[in-house]
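Commentary on secondary and tertiary structure
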Amino acid sequence: MTETDKIPPPNFIRNIIREDLKQNKNNGSVHTRFPPEPNGYLHVGHAKSICLNFGIAAENKGGLCNLRFDDTNPEKEDVEYTKAIMADVRWLGFDWEDRLYYASDYFEQLYDYAVQLIKDGKAYIDSLSAEQMREYRGTLTKPGRESPDRNRSVEENLDLFRRMRAGEFDEGEYLVRAKIDMTSPNINMRDPAIYRIKKANHHRTGDRWCIYPMYDYTHCISDALEGITHSICTLEFEDHRPLYDWCLDQLPVPCHPQQIEFARLNLNYTVMSKRKLNELVNEGYVTGWDDPRMPTIVGMRRRGYTPAAIRDFCERIGVTKNDTVIDMSVLENSVREDLDETARRVMAVLRPLRVVITNYPENSTEELDAPYHPNKPEMGSRRVPFSRVIYIEQDDFMENPPKKFFRLSPGAEVRLRYAYFIKCEEVIKDKQTGAVIELRCSYDPQTKGGNAPDGRKVKGTLHWVSADHAFKSEVRLFDRLFTVPVPDGEGDWKSVINPGSVEVLKDACLEPGLAGAKPEERFQFERLGYFCADHKDSTQGKPVFNRTVTLRDSWAKVDKQVK
RNA sequence: UGGGGUGUAGCCAAGCGGUAAGGCACGGGACUUUGACUCCCGCAUUCCCAGGUUCGAAUCCUGGCACCCCAGCCA
């Protein structure tokens with residue numbers, strides 16, 4: 001994302017558009033839209049669609065992308081979601097300018113068009129019950145039968161439709177159907193419903209309507225009314241395209257957009273359906289839609305993912321019609337790549353082990369200079385306090401180290417980053433448990449800053465925090481939400497939820513400057529990973545941190561091989 | 001044994017009749033005051049399978065096979 005002039009990789013949709021432009025189709029314009037239903041929060045799958053639609057608009061001269069809420073089902077939708085969706089799209093870095101639309105804005109026009117269809121004998125009012133509808137529809141292999149109401153007169157249809165709108169009937173009593181073909185091999189064309197009665201309050205139109213248009217009928221017309229040129233949607237709508245085209249062919253709409261379908265995103269070790277995400281929230285498996293383990297935009301944001309990283313990820317995975325599952329490592333790679341460039345390095349000890357530097361003067365403190373980024377001096381530096389008692393990571397000490405372990409062990413010498421070389425002289429253990437509770441080390445005053453004048457080298461460099469100056473706070477570590485790569489493939493997907501997907505460390509010791517971290521501020525805790533100050537649980541002067549992603553860890557591999 | 005789609009490496013993905021890009025992952029090495037970053041090197045004689053057309057096929061033709069989607073008054 002640093003190169004603004006980077007040419008996006010080709011994909012079949014961009015190829016179609018390039019070809020259309022060459023033919024001067026749509027007078028050379030490109031107009032897309034992102035059409036979420038406001039019935040839940042957005043997830044990375046939506047991010048793929050957002051990046052595609054807004055991206056295509058942005059990379060073509062004069063290209064535009066609308067934000068349109070597909071709000072035709074009042075029972076499931078809510079303003080809470082529209083607000084959250086707008087915030088997410090904006091946070092991802094996209095702008096619909098003044099083109100915010102709602103399908104509900106078109107209800108009157110949609111009604112008029114339906115009247116038109118009825119007058120033209122292309123739609124009728126049906127009184128079949130839902131169960132009867134199902135029977136008449138036939139099956140995948142057997143054609144359907146025509147409803148007895150199919151040849152109701154235009155006058156009667158018109159009257160009934162008017163009375164439906166007027167609220168004279170109960171839900172389910174009547175329904176408007178397109179008159180297409182009950183024997184079509186495509187079930188979507190067997191006289192699909194286009195209007196149903198719902199005596200529900202709509203989040204925008206209130207109680208003005210008691211009949212609501214169906215998706216297939218609404219979506220294509222909304223696209224046409226907005227002058228959309230390319231209506232990009234996911235694969236499951238491929239079968240609906242003939243219906244999309246049919247509706248537009250019957251009506252005097254301003255234009256006829258081209259529907260193009262692509263495969264939705266699947267990520268391993270997580271689930272992506274709104275229904276399942278909803279269950280995770282409602283049944284308490286996670287703390288909310290914005291739980292840092294969730295693949296939602298708000299969840300990833302809270303975890304510390306950046307908009308640039310998510311955009312980069314969406315670019316890398318490509319756009320095709322293949323049914324695929326993307327490896328989580330691709331996402332993590334995008335995040336690390338962005339954060340490596342932008343995050344300041346600081347020190348934090350997650351699981352503290354007390355170290356007393358026996359030959360360092362008591363009650364003495366010095367400040368050591370530590371740059372914020374090893375490769376970017378322009379990011380500046382800060383002073384970190386050093387004193388006689390410090391904490392190091394428990395993992396950085398082993399009493400009986402395996403080969404190639406170049407951290408601290410009895411008699412070994414290591415560097416404390418930006419400070420001194422220390423040597424482990426004595427190991428103090430708990431008399432009861434035998435656990436190592438303290439290390440006694442000596443330091444070499446000659447090695448201040450981290451280099452020895454005599455040229456001797458150490459293999460390991462450890463991060464540390466001065467005990468008296470440590471800012472103690474909470475740090476949360478996250479792991480994958482599921483224990484198997486494709487939970488959807490499991491009979492009971494909830495049986496493979498990872499019980500250890502979150503670990504809360506209450507006693508982490510952070511360098512003092514971190515007490516001033518702002519909500520959503522991101523850092524690299526050296527040698528541990530990238531962390532983000534939680535915007536929800538942090539309080540003034542007491543930020544708590546979420547681990548976004550670990551650093552790549554080649555020691556973990558060596559360690560595994562040794563064992 | 002209805003219709004619509006899709007099959008290129010462990011995971012993604014370019015390719016569109018001229019002799020298999022790239023990314024992730026993985027393996028090896030260099031550098032290193034983060035076992036990070038960075039940098040080198042390696043990683044499909046073969047494109048779901050079988051035939052055919054062609055001087056030449058992942059690309060064209062024929063026939064199989066596998067997987068995904070569709071029977072809401074959801075989107």
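Our subject in this report is the structure included herewith. (Residues numbered from 1 in each chain as written. Chains lettered and ligands numbered in written order. Predicted model: local features only at pLDDT ≥ 70, side-chain atom pairs only at ≥ 80, totals over all residues. Heavy atoms only, no water.)

With that out of the way, let us pick up the nonpolar core. Ranked by size, the top nonpolar core spans 39 residues in total, and within it Val89 and Phe313 carry the most contacts. When residues of this core are traced back to their parent elements, those giving at least two are helix H2 (44–58), strand S2 (64–69), helix H3 (79–91), helix H10 (297–303), helix H11 (307–316) and helix H12 (328–342). Ranked by residue count, the leading element in this core is H2, at 6 residues. In contact with phenylalanine 313, other than residues within four places in its own chain, are Val44, Leu265, Leu267, Ile326, Val330, Leu331 and Ser334. Ranked by size, the runner-up nonpolar core spans 37 residues in total, among them Ala114, Val115, Leu117 and Ala224. (Core = buried A, V, L, I, M, F, W, Y, C linked by side-chain atoms within 4.5 Å. Buried < 20%, exposed > 50% of the residue type's maximum accessible area, 1.4 Å probe, protein only. Helix = DSSP H or I, 4+ residues; strand = E, 2+ residues; numbered from the N terminus. Contact = heavy atoms within 4.5 Å.)

Okay, the pairing of strand S18 (residues 436–444) next. Walk down a regular strand and you will see the side chains alternate between the two sheet faces. Where strand S12 (residues 352–357) and S18 come together, 4 bridges link them in parallel fashion. For valine 356, the partnering residue across the bridge sits in S18 and is arginine 440. Pairing analysis gives 8 bridges linking strand S17 (residues 421–429) to S18, with the strands arranged antiparallel. Paired with isoleucine 428 across the two strands is glutamate 438, which belongs to S18. (Pairing = 2+ DSSP bridges.)

Across the 5 residues of strand S8 (residues 230–234), 5 count as buried, placing the element largely inside the fold. Alternating positions in S8 separate into two faces, His230, Ile232 and Thr234 on one and Ser231 and Cys233 on the other, with burial throughout. Where S8 and strand S9 (residues 258–262) come together, 5 bridges link them in parallel fashion. The residue of S9 that forms the bridge with isoleucine 232 is isoleucine 260. Traced from S8 through helix H8 (residues 241–250) to S9, the parallel crossover comes out right-handed. (Right-handed = clockwise from strand over helix to strand, strands pointing away.)

Quick look at the sheet that holds strand S22 (residues 502–510) now. Pairing in this open sheet of 7 strands is mixed, and the strands run S10-S23-S24-S25-S21-S22-S11 from one edge to the other. Each end of this open sheet is capped by a strand with a single partner; those strands are strand S10 (344–346) and strand S11 (348–349). Sheet topology note: the S11/S22 ladder contains 2 bridges and is antiparallel. Looking across to S22, one finds that alanine 348 is bridged to leucine 510. Together, S10, strand S23 (522–525), strand S24 (529–533) and strand S25 (545–550) form the strand contacts of H12, whose direction differs from that of S25 by roughly 115°. (Axes fitted to C-alpha atoms, helices over the stretch in contact; angles between N-to-C directions.)

In this section: the environment of alanine 263. Relative to the elements of secondary structure, alanine 263 occurs in the loop between S9 and helix H9 (274–282). Spatially, the C-alpha atoms of alanine 263 and leucine 353 are 49 Å apart, while their sequence positions differ by 90 residues. Here alanine 263 is in contact with Lys48, Leu235, Thr320, Lys321 and Asn322, once residues within four sequence places are set aside.

Let us look at the sheet that holds strand S7 (residues 211–213). Taken in spatial order, the 4 strands make up an open sheet running S4-S5-S6-S7, and their pairing is antiparallel. Looking at strand neighbours, the two that pair on one side only are strand S4 (123–126) and S7, the edges of this open sheet. When strand polarity is set aside, the average angle formed by the axes of neighbouring strands in this sheet is 20°. Taken together, the 3 bridges between strand S6 (residues 193–197) and S7 define a ladder with antiparallel strand orientation. Within the sheet, the bridge partner assigned to isoleucine 197 lies in S7 and is isoleucine 211.

Moving on, we get to the protein's contact with RNA strand B. As a matter of local geometry, RNA strand B sits amid 67 residues, with Arg345, Phe406, Gly449, Gln524 and Arg552 nearest to it. A share of 69% is what sugar and phosphate atoms reach among the atoms of RNA strand B within 4 Å of the protein. In the environment of RNA strand B, a sugar or linking oxygen lies 3.0 Å from a nitrogen or oxygen atom belonging to the side chain of arginine 316. One of the side-chain N or O atoms of aspartate 340 is found 2.9 Å from a sugar or linking oxygen in RNA strand B. The set of elements that each furnish at least two residues to the surface near RNA strand B consists of helix H5 (130–137), S6, H12 and helix H13 (554–562). No other element matches the 4 residues that H12 contributes to the surface near RNA strand B. Across the surface near RNA strand B, the residue classes tally to 21 nonpolar, 21 polar and 25 charged. (Near = heavy atom within 4 Å. Polar contact = N/O pair within 3.5 Å; in protein donor to acceptor, adjacent residues only side chain to side chain. Nonpolar A, V, L, I, M, F, W, Y, C, P; charged D, E, K, R; others polar.)

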